[in-house]
Amino acid sequence: RRPALLCAAGILVAIDQVLWYVDILGYLILGKLPIKVCGYLFWPSTHLAKKVTGMHHLFFVPLVVVLCARGSGLPLGRGFLVSALQTVASQVVC
């Protein structure tokens, strides 16, 4: 119903999500995490619940793309506008 908001959410977290993909691929191919953005999952002190719930990083962006593409396409223009407004508002408040 609100693809611009969903697209904005995807845009706001896209960099972090891509870094997760780089780390996971690096781990599968090289046996190490090149960026270590998800390194906390491999700490012995990390609880299983945190490891399981951390997996949402792998599924969020593909799910956003699939859900947005079901309609009339990805509303990137409106998504960028919404994410820019959210960023500015966060900077003002914080």
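Calculation notes
- Along each chain, residues carry numbers from 1 onward, in the same order as the chain's sequence is written.
- This being a predicted model, a pLDDT of at least 70 is required before a residue's local features are given, and a value of 80 or more before pairs of side-chain atoms are given or counted; all residues contribute to the totals for chains, interfaces and linings.
- The basis for the side-chain values is all heavy atoms of the structure; hydrogens and waters are excluded.
- Strands are runs of DSSP state E lasting at least two residues, helices are runs of H or I lasting at least four, and both sets are numbered from the N terminus onward.
- Three exposure classes are used, based on accessible area relative to the maximum for each residue type with a 1.4 Å probe and protein chains only: buried under 20%, partly exposed in between, and exposed over 50%.
- Every residue pair with non-hydrogen atoms within 4.5 Å of one another is taken to be in contact.
- Surface patches are drawn from residues lacking salt bridges whose relative accessible area is over 30%; two like charges belong together within 9 Å, two nonpolar side chains (Val, Leu, Ile, Met, Phe, Trp, Tyr) within 5 Å.
- For the area figures, the Shrake-Rupley method with a 1.4 Å probe applies, and any residue is considered shielded solely by the protein chains shown.
- Definition used for salt bridges: Asp or Glu carboxyl oxygen within 4 Å of a side-chain nitrogen of Lys or Arg.
- To get the bend at a residue, fit one axis to the 7 residues ending there and another to the 7 starting there, then take the angle between the axes.
- Between N-to-C directions, angles span 0 to 180 degrees; the directions come from axes that are lines fitted to C-alpha atoms, helices contributing only their stretch in contact.
- Here the angle decides the label: under 35 degrees means roughly parallel, over 145 means roughly antiparallel, 65 to 115 means roughly perpendicular, and every other value means oblique.
- Two helices crossing with the near one rotated counterclockwise from the far one by less than a right angle form a left-handed crossing, whereas a clockwise rotation gives a right-handed crossing.
- Only Asp, Glu, Lys and Arg are considered charged in this grouping, and only Ala, Val, Leu, Ile, Met, Phe, Trp, Tyr, Cys and Pro are considered nonpolar; every other residue, Gly among them, is considered polar.

> I tried to follow unusual backbone geometry on my own but got confused; where do I start?
In terms of backbone geometry, most residues other than glycine have negative phi values and most peptide bonds are trans. Even without glycine at this site, Lys36 takes up a positive phi of about 70°. Within the fold, Lys36 resides in the loop between α1 (3-30) and α2 (48-53). Since its relative accessible area comes to 59%, Lys36 is described here as exposed.

> Hey, could you run me through the environment of Tyr27 in this one?
Within the fold, Tyr27 resides in helix α1. Judged by its relative accessible area of 38%, Tyr27 falls in the partly exposed class. The residues contacting Tyr27, other than those within four sequence positions of it, are Lys32, Leu33 and Phe42.

> Help me out: how do you make sense of a nonpolar patch on the surface in this one?
On the surface, Leu25, Tyr27, Leu28, Ile29, Leu30 and Phe42 cluster together into a nonpolar patch covering about 680 Å² of accessible area. As for its placement among the helices and strands, Leu30 is situated in helix α1. Owing to a relative accessible area of 58%, Leu30 belongs among the exposed residues under this scheme.

> Which parts of the structure should I look at to understand the environment of Lys51?
Within the secondary structure, Lys51 sits in helix α2. Contacts of Lys51, omitting those with residues within four sequence positions, involve Leu41, Trp43 and Thr46.

> Would you mind showing me how to read the side chain of Gln17 here?
Relative to the helices and strands, Gln17 is located in helix α1. The residues touching Gln17, leaving out its near neighbours within four places in the chain, are His56, His57, Leu58, Phe60 and Val61.

> Can you walk me through α1 in this structure?
Residues spaced three or four apart along an α-helix point in a common direction, a consequence of the helix completing one turn every 3.6 residues. In α1, a bend of some 55° at Ala14 exceeds every other bend along the element. All buried positions along α1 are accounted for by Ala4, Cys7, Ala8, Gly10, Gln17, Trp20, Asp23 and Gly26. Just beyond α1, the residue with positive phi is Gly31, at close to 80°.

> Can you help me understand the packing of α1 against helix α3 (residues 56-69) in this one?
Closest axis-to-axis distance for the α1/α3 pair is 8 Å, and the angle between their directions is 140°. Judged by the angle between their axes, α1 and α3 are oblique. The chirality of how α1 crosses α3 is left-handed. Where α1 approaches α3, its residues Pro3, Leu6, Cys7, Ala9, Gly10, Val13, Asp16, Gln17, Trp20, Tyr21 and Ile24 are matched on the opposing element by His56, His57, Leu58, Phe60, Val61, Pro62, Val64, Leu67 and Cys68. When its residues are assigned to classes, the contact of α1 with α3 shows 15 nonpolar, 4 polar and 1 charged.

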